[in-house]
Amino acid sequence: MSMRRWNFRAFMLCVALSACVPLFAADSADSVAARRWDRRVNWKYDGWERLKPKNVKVQYAGGMGFLSFGAGWEYGKRNQWNSDFFIGFLPKKFSDKLHFTFTVKQTYTPWSMRLCDWLSYEPLTCGLYFTTINGEDFWQREPGKYPNRYYNFSSKVRTSVFLGQSVTFYPERYPWMRGIGFFYEIGTNELYIVSKATNSTVRMRDILRFSFGLKMQIFKPCE
């Protein structure tokens, strides 16, 4: 099975599974019932602790380079929002030379199903991110050597959207760690979406990207 076909099927599975969650949560309109299965803790940090990253991540692929490393901040009543900053790299093997990428990413995780004391399942993560890459071959504004609006997009900045899922483990033997999670995402960017909308021969699986990674939730509040 080709990678593109696998990406498409994984994306459809993700959508199908995440669509089941509202049905599960339909009877949990009040917060007491919701907490029976969503037991995320809104950790309280004081003073300068609020500025410290609450998690670190490593992500493979996804239009952010071959491999990228980031730090993030969680917030919201149930830590359902997460903002990350990534630095990645694209080896010379995949390009003319080594390139570095810089990404700002926003993730929303509406539900977390606590399966037991040490494991939870997040059936849906979604969000968007903006990625830029270094190098003179990539430009923000169209170079003058091209006719006006010949390329009606920037080759230096990409805007991507994604859907995904994750599982989180809660180890008790490491007091400095709140949890460790594994995630995957299926996404696309604005250039691919335009290509699909303007060219009927472009298939859905041709515009999707698959990525996966590791997330470590760190820095518990001081007692």
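Above this note sits the structure.
First things first, this report covers the structure right here in the doc. (Residues numbered from 1 in each chain as written. Predicted model: local features only at pLDDT ≥ 70, side-chain atom pairs only at ≥ 80, totals over all residues. Heavy atoms only, no water.)

## Comments concerning the overall build of the protein
In terms of helices and strands, the protein carries three helices and nine strands. For the protein, the α and β elements follow one another from N to C terminus as α-α-β-β-β-β-β-β-β-β-α-β. Out of the 223 residues in the protein, the part that is buried amounts to 38%. Considering only contacts within the protein whose residues lie at least 6 apart along the sequence, 60% involve residues at least 24 apart. Looking at the protein as shown, the accessible area adds up to about 13600 Å², and 63% of this sits on carbon and sulfur atoms. (Helix = DSSP H or I, 4+ residues; strand = E, 2+ residues; numbered from the N terminus. Buried < 20%, exposed > 50% of the residue type's maximum accessible area, 1.4 Å probe, protein only. Contact = heavy atoms within 4.5 Å. Areas by Shrake-Rupley, 256 points an atom, 1.4 Å probe, with all protein chains shown as cover.)

## Points about empty space enclosed by the protein
What the rule picks out here adds up to one cavity of 30 Å³ or more. A volume near 30 Å³ is recorded for the largest cavity. As for the largest cavity, its lining consists of Gly62, Tyr129, Ser160, Gly187, Thr188, Asn189 and Arg209. The leading source of residues in the lining of the largest cavity is strand β8 (residues 177-189), at three residues. (1 Å grid on protein atoms, 1.4 Å probe; cavity = no way out; pocket = protein on both sides within 12 Å on 5 of 7 lines; lining within 4 Å. Points joined across faces, edges and corners; volume = space filled by probe spheres on them.)

## Observations concerning the side chain of glutamine 59
When you line up the elements, glutamine 59 lands in strand β1 (residues 55-61). You can call glutamine 59 buried: its relative accessible area is 0%. Here the side chain of glutamine 59 touches lysine 105 through a polar contact of 3.0 Å, side chain to side chain. With sequence-adjacent residues up to four places away left out, glutamine 59 is seen in contact with Met64, Phe66, Leu67, Ser68, Phe86, Lys105, Phe183, Glu185, Ser211, Phe212 and Gly213. (Polar contact = N/O pair within 3.5 Å; in protein donor to acceptor, adjacent residues only side chain to side chain.)

## Quick look at the pattern of salt bridges
Applying the stated criterion to the full structure yields nine salt bridges. Linking arginine 158 and glutamate 190 is a salt bridge whose minimum nitrogen-to-oxygen distance equals 2.8 Å. Taken as a pair, arginine 158 in strand β7 (residues 157-169) and glutamate 190 in helix α3 (residues 190-198) lie far apart in primary sequence, 32 residues in all. One network of salt bridges, with partners in common, ties together Asp38, Arg40 and Arg78. (Salt bridge = Lys/Arg side-chain N within 4 Å of Asp/Glu carboxyl O.)

## Some words on unusual backbone geometry
Where the residue is not glycine, phi is negative for most of them; where a peptide bond is considered, it is trans in most cases. Phi at alanine 61 takes a positive value of approximately 65 degrees, unusual for a residue other than glycine. Since its relative accessible area comes to 18%, alanine 61 is described here as buried. A positive phi angle, near 55 degrees, is found at asparagine 79, a position not held by glycine. Its place among the elements puts asparagine 79 in the loop between β2 (67-75) and β3 (81-90).

## Looking at the pairing of β7
Taken together, the 12 bridges between strand β6 (residues 119-133) and β7 define a ladder with antiparallel strand orientation. Bridge pairing in β7 links phenylalanine 130 to threonine 159. Inspection of the sheet shows β7 paired to β8 by 10 bridges, in the antiparallel sense. Pairing of serine 166 across the sheet is with phenylalanine 183, part of β8. (Pairing = 2+ DSSP bridges.)

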